Amino acid sequence: MKFNDEKKILELLNIAIDSGKEILRIYDNEIIVDFKDDKSPITVADINSNTLIVNRLRKLDPNIPILSEESLVSWKERKNWNKYWLIDPLDGTKEFINRNGEFTVNISLIENNYPTFGIIYSPVNSLLYYALKNNGSYKIKTDSNLNTLKDFNKINIKKEKNITTKVIGSRSHSSKGFQNWVEKNFTNFELITIGSSLKFCILAEGKADIYPRLGPTSEWDIAAGHIIL
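Residues numbered from 1 in each chain as written. Predicted model: local features only at pLDDT ≥ 70, side-chain atom pairs only at ≥ 80, totals over all residues. Heavy atoms only, no water.

**Regarding the overall build of the protein**
Phase 1: Counting secondary structure elements, the protein contains seven helices and eleven strands.
Phase 2: The dimensions of the protein, computed from C-alpha atoms along their principal axes, are 50 × 40 × 40 Å.
Phase 3: Sorting the 229 residues of the protein into buried and exposed places 52% on the buried side.
Phase 4: Averaging the coordinates of the 31 positive side-chain charges in the protein and doing the same for the 29 negative ones gives two points 4 Å apart. (Helix = DSSP H or I, 4+ residues; strand = E, 2+ residues; numbered from the N terminus. Buried < 20%, exposed > 50% of the residue type's maximum accessible area, 1.4 Å probe, protein only. Lys, Arg positive; Asp, Glu negative; His and termini not counted. Charge placed at Lys NZ, Arg CZ, Asp CG, Glu CD.)

Listed below in structure tokens is the structure:
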């Protein structure tokens, strides 16, 4: 897949927006929670978002395989993939269940083990971020489908160093070890607590300085944020 025209990027961005609309439809009604084998929560929103994204990506290019948190592929099968879509259809399911708005849709394209394109969409905040390798990272506030890229604002990490270091902590994975690490490494700091891949967006916009992750994470949680940051 070549990202050499605006239409292709817009198609992908609108997949994320439409997925967000489906998530909000469920968010505004009763949320029924089930649990996967690893005891992590899952809802109909996770499943519906996954189905929408997978179906739309397959229509765009049926030759690119897809790896999703909600439709896993064995390592034996995917270890030789040179290009594939990597998605988290609802990143921050716990935040979704707790109704704090801090959840996202993550879509990324992986080529030779690195993300080359990524989208993060926050449905509650109507914030859409995307990045293309060697072409910068961008942001727009929207809850409607897009027909142009001209209204996006380019974002940049913070260049200057402040006296107070802004440290991002996870909403659902905080620990005493994290607090101890921060206090050991920074004298003056401000802690910003937030869920999902929004952490990477805050870093990419220059609104925070560091996100220490001391525990495990998964590739679908990281890929889109990786290329945006």
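After that view of the structure, there is still more to cover.
**Focus on the packing of aromatic side chains**
Phase 1: In total, this model carries nine aromatic pairs according to the counting rule given.
Phase 2: On the basis of an interplanar angle of 45 degrees and a centroid distance of 6.3 Å, the ring pair of F117 and Y130 is categorised as tilted. Of this pair, F117 sits in strand β6 (residues 114-122) while Y130 sits in strand β7 (residues 127-132), placing them 13 residues apart in sequence.
Phase 3: Note on Y130: relative accessible area 4%, which makes it buried.
Phase 4: Centre to centre, the rings of F200 and Y211 are 5.8 Å apart; their planes meet at 80 degrees, and the pair counts as edge-to-face. (Phe/Tyr/Trp six-rings, centres within 6.5 Å; stacked < 30°, edge-to-face > 60°.)

**What to know about the sheet that holds strand β8 (residues 137-141)**
Phase 1: Ordered in space as β3-β4-β5-β6-β7-β8-β9, the seven strands form an open sheet in which the pairing is mixed. The sheet is open, and its two edges are formed by β3 (66-68) and β9 (153-155), each paired on a single side. The sheet shows a mean angle of 20 degrees between the axes of neighbouring strands, direction not considered.
Phase 2: When β7 meets β8, the two strands line up antiparallel, connected through five bridges. Paired with A131 across the two strands is S137, which belongs to β8.
Phase 3: Strands β3, β4 (83-91) and β5 (104-111) of the sheet are contacted by helix α2 (residues 44-60), whose axis makes an angle of about 155 degrees with β4. (Pairing = 2+ DSSP bridges. Axes fitted to C-alpha atoms, helices over the stretch in contact; angles between N-to-C directions. Contact = heavy atoms within 4.5 Å.)

**Considering the packing of helix α1 (residues 6-27) against α2**
Phase 1: Taken N-terminus to C-terminus, the directions of α1 and α2 make an angle of 160 degrees; their axes are 9 Å apart at the nearest point. Our classification of the angle between α1 and α2 gives roughly antiparallel. Our pair here, α1 against α2, has a crossing hand that is right-handed. Counting all contacts with α1, which are made through K8, E11, L12, N14, I15, D18, S19, E22, I23, R25 and I26, the residues of α2 involved are V44, A45, N48, S49, L52, I53, R56, L57 and L60. (Parallel < 35°, antiparallel > 145°, perpendicular 65-115°, else oblique. Left-handed = near helix turned anticlockwise from the far one by under 90°.)

**Some words on the pairing of β8**
Remember that side chains alternate between the two faces of the sheet whenever the strand is regular.
Phase 1: Within β8, four of the five residues are buried, which leaves the element mostly enclosed by the surrounding structure.
Phase 2: In sequence, β7 turns back onto β8 through a hairpin of four residues, with N134 there showing a positive phi of about 65 degrees.
Phase 3: Taken together, the three bridges between β8 and β9 define a ladder with antiparallel strand orientation. When the sheet's bridge partners are listed, K139 is paired in β9 with N153.

**Remarks on the side chain of S122**
Phase 1: Inspection of the secondary structure assignment puts S122 in strand β6.
Phase 2: Residue S122 is classed as buried on the basis of its relative accessible area of 0%.
Phase 3: Within polar-contact distance, the side chain of S122 engages the side chain of N125 at 2.9 Å. (Polar contact = N/O pair within 3.5 Å; in protein donor to acceptor, adjacent residues only side chain to side chain.)

**A closer look at the pattern of salt bridges**
Phase 1: Counted according to the given criterion, the structure contains ten salt bridges.
Phase 2: A salt bridge links E22 to R25, with the nearest nitrogen and oxygen atoms 2.7 Å apart. With a gap of three residues between them, E22 and R25 both fall in helix α1, about one helical turn apart.
Phase 3: Since its relative accessible area comes to 18%, E22 is described here as buried.
Phase 4: Relative accessible area serves as the criterion here: at 46%, R25 is assigned to the partly exposed category.
Phase 5: K207 is the salt-bridge partner of E205, the closest N and O atoms lying 3.7 Å from each other.
Phase 6: In the salt-bridge network here, residues are joined through shared partners; they are D18, K21 and R56. (Salt bridge = Lys/Arg side-chain N within 4 Å of Asp/Glu carboxyl O.)

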